[in-house]
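# Secondary and tertiary structure notes
Spelled out, the chains give:
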Amino acid sequence: MAFSQDIVNKINALTQKYPQGKQKSALIPVLHLIQETGNNSLSIEQMDEVASLLQILPIEVYEVATFYTMFNLKPVGKYVLEVCQTGPCMLNGSDEIIEYIKQKLNIKNGETTPDGLFTLKTAECLGACGYAPMMQLGKTYKEFLTPQKIDEILETCRNAAN
């Protein structure tokens, strides 16, 4: 698999923002670019090609891609519900919110609904403890979650998808 010339040009533009010999510093922005231009996930082949272009070892790419929850190693739904499950959110009911979403969408953590709309993921601290329980939906935070708010969020997403 080879990236299109357009993608290679974008990767080169990203690496130019960093000092010579520090291409690895562009890894996270490059992975975002690759994920956004594909099916919202990263394949082994894509990660290997990124390693080659950045002149780093494939394992260095895998380490980053598997550490951060923002990167998906398998296809995900159009809407990824990343519910925080750390202490403050848990104390404020994130476990119940996660269970509610599982029941409502009939999926488990890491699964995608059959219609391809929703994927449920749990996340470690999203840095909004004062708004617990909360989740990230795309690039936005959804805060002070309740079952009613989850229903509204899901309905809004369904309407936007139609």
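Above this text you will find the structure in question.
Below is a short write-up of the structure.

Calculation rules
- Residues numbered from 1 in each chain as written.
- Predicted model: local features only at pLDDT ≥ 70, side-chain atom pairs only at ≥ 80, totals over all residues.
- Heavy atoms only, no water.
- Axes fitted to C-alpha atoms, helices over the stretch in contact; angles between N-to-C directions.
- Helix = DSSP H or I, 4+ residues; strand = E, 2+ residues; numbered from the N terminus.
- Parallel < 35°, antiparallel > 145°, perpendicular 65-115°, else oblique.
- Left-handed = near helix turned anticlockwise from the far one by under 90°.
- Contact = heavy atoms within 4.5 Å.
- Nonpolar A, V, L, I, M, F, W, Y, C, P; charged D, E, K, R; others polar.
- Buried < 20%, exposed > 50% of the residue type's maximum accessible area, 1.4 Å probe, protein only.
- Pairing = 2+ DSSP bridges.

## Remarks on the packing of helix α6 (residues 94-105) against helix α7 (residues 147-161)
Put simply, α6 and α7 touch, their axes get as near as 10 Å, and they point 45° apart. Taken as axis vectors, α6 and α7 run oblique relative to one another. The two elements α6 and α7 meet at a crossing, and its hand is right-handed. Where α6 abuts α7, its residues I97, Y100, I101, K104 and L105 lie against P147, I150, D151, L154 and R158. Of the residues in the contact of α6 with α7, the class split is seven nonpolar, no polar and three charged.

## A look at the pairing of strand β1 (residues 79-84)
The element β1 is extensively covered by neighbouring structure, given that six of its six residues are classed as buried. Burial along β1 is two-sided: the face carrying Y79, L81 and V83 and the face carrying V80, E82 and C84 are both buried. Summarising the sheet, β1 and strand β2 (residues 118-123) pair through six bridges and their orientation is parallel. Following the sheet pairing, V83 is matched in β2 by T122.

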